[in-house]
Amino acid sequence: IKSDTMPKFRVRFAPSPTGELHIGNVRTAIFNWLFARRNGGTFILRIEDTDSERSTAESERSIREDLRWLGLDWDEGPEKDGPFAPYYQSQRKQIYQEYADRLMQSGSAYHCFCTEEELEEKKKLFIKKGVQPRYDGNCRNLSEDQRKQFESHGRKPAIRFKIIQREASFVDLVRGKVSFNCDLIGDFIIIRSDGMASYNFSASVDDALMQISHVFRGEDHLSNTPRQIMILSALGYTSPTYAHLSIIVHKDKCKLKK
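Overview of the structure. Since we're looking at a predicted model, the values are computed, not measured. Per chain, the residues get numbers from 1 upward, laid out in the order the sequence is written. Predicted model: local features are reported for residues with pLDDT of at least 70 only, side-chain atom pairs are reported and counted for 80 or more only, and whole-chain, interface and lining totals are derived from all residues. Water and hydrogen atoms were dropped before computing side-chain values, which therefore reflect all heavy atoms in the structure.

## Here we look at unusual backbone geometry
Okay, step 1: Residues A85 and P86 are joined by a peptide bond in cis, for which omega reads 5°.
Okay, step 2: Not every positive phi belongs to a glycine, and E79 is a case in point at roughly 70°.
Okay, step 3: Under the DSSP-based scheme used, a helix requires at least four consecutive residues in state H or I and a strand at least two consecutive residues in state E, with every element numbered from the N terminus. With respect to the helices and strands, E79 occurs in the loop between α2 (57-70) and α3 (93-106).
Okay, step 4: In the Ramachandran plot, Q211 falls in the positive-phi region, its phi being about 55° despite a non-glycine side chain.
Okay, step 5: Note on placement: Q211 falls in the loop between α6 (199-209) and β8 (214-218).

## Observations concerning the side chain of D207
Okay, step 1: Within the secondary structure, D207 sits in helix α6.
Okay, step 2: Contacts between residues were defined by any pair of non-hydrogen atoms, one from each residue, lying within 4.5 Å. Excluding its chain neighbours within four sequence positions, the residues that come into contact with D207 are R12, R46, I212, V215 and P240.

## Some words on the pairing of strand β2 (residues 42-45)
Each regular strand shows side chains that alternate between the opposite faces of the sheet.
Okay, step 1: Only protein chains enter the calculation, and the probe is 1.4 Å; a residue is then buried if its accessible area is under 20% of its type maximum, exposed if over 50%, and partly exposed in between. Side chains T42 and I44 project from β2 onto one buried face, and the interleaved F43 and L45 project onto a second face that is buried too.
Okay, step 2: Two elements, strand β1 (residues 10-13) and β2, share four bridges in a ladder whose sense is parallel. Across the sheet, the residue bridging to V11 is F43, located in β2.
Okay, step 3: Once you follow β1 into helix α1 (residues 23-38) and on to β2, the crossover reads as right-handed. Whether two strands pair depends on DSSP finding at least two bridges between them. When the strands point away from the viewer, a crossover counts as right-handed if the route from the first strand across the helix to the second turns clockwise.

## Describing the packing of aromatic side chains
For any pair of aromatic rings, the description rests on two quantities: the centre-to-centre distance and the angle between the ring planes.
Okay, step 1: Pairs were defined over the aromatic rings of Phe, Tyr and Trp, the Trp ring being its six-membered one, requiring ring centres within 6.5 Å. Orientation was assigned from the angle between planes: stacked under 30 degrees, edge-to-face over 60, tilted for the rest. If you walk through the whole model with that rule in mind, you get five aromatic pairs.
Okay, step 2: Seen from their ring centres, F35 and F216 are 4.9 Å apart, and the 50° between their planes marks the pair as tilted. With a gap of 181 residues between them, F35 in helix α1 and F216 in strand β8 connect regions that are remote in the sequence. F216 carries the same exposure label as F35, and that label is buried.

## Digging into the pattern of salt bridges
Okay, step 1: Salt bridge, as used here, is a side-chain nitrogen of Lys or Arg placed within 4 Å of a carboxyl oxygen of Asp or Glu. Under the definition given, this model contains 22 salt bridges.
Okay, step 2: R10 is the salt-bridge partner of E76, the closest N and O atoms lying 3.0 Å from each other. One end of the pair, E76, is in the loop between α2 and α3; the other, R10, is in strand β1, and 66 residues separate them in sequence. Like E76, the residue R10 is buried in the burial classification.
Okay, step 3: In this structure, E219 engages R175 in a salt bridge whose closest nitrogen and oxygen atoms are separated by 2.2 Å.

## Side note on α6
Okay, step 1: Most of α6 sits inside the fold, with nine of its eleven residues counted as buried.
Okay, step 2: Burial in α6 covers these residues: N200, F201, S202, A203, S204, V205, D206, D207 and A208.
Okay, step 3: Phi turns positive, to about 55°, at Q211, one or two residues after α6.

Structural data, given as structure tokens:
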């Protein structure tokens, strides 16, 4: 399907089916739905169920029922498959691997053989030094012999995105220009050692392939945005327009939940 045949405005609500909807989730869904309906656009329901241990069919069914009760009908998604199905991330594993391979081939990503135990020890050292924890680039420039040695020991590699820029910035519809120091982010995982895509990678690929024009989400996702912008740029895609909404809190300033 050519991009000029699609509605100009395409937004998505992408909950994780790991429990009941939070109040903040509902507010985000309403903003997306109203934006789509006001502008003659498309409202997409995408189920981000890459957390296989916590995601359940019951939670996913509950989310759909809650959205219907609220009157928030979706145009594409579960039960309304459109041109970019499937709309369950657990069913898109092969797609994510294909795009990770592209980044590997272009030199924008690399295999990382560090174990969780090793990474945890490095994290503790950063904290002890009073420095924000980040990946130290240990596997960034491994030789072929080093890779083969790790593989011979039975280590299954993850795939990390290679950060080469010093700063990532974008214009947020709520906050204006926002900039991040990429040196503080560090190379991050896009495909875990079990073959499952990370949140930032799956969300980035899906936003690109589903032609999402605007992303309305909570401000707790603000730190994810530079990672997603860098992934999309490396893959040759233009980033959506982002708007990070304030968090709904109780009188005691704690975030409202379920």
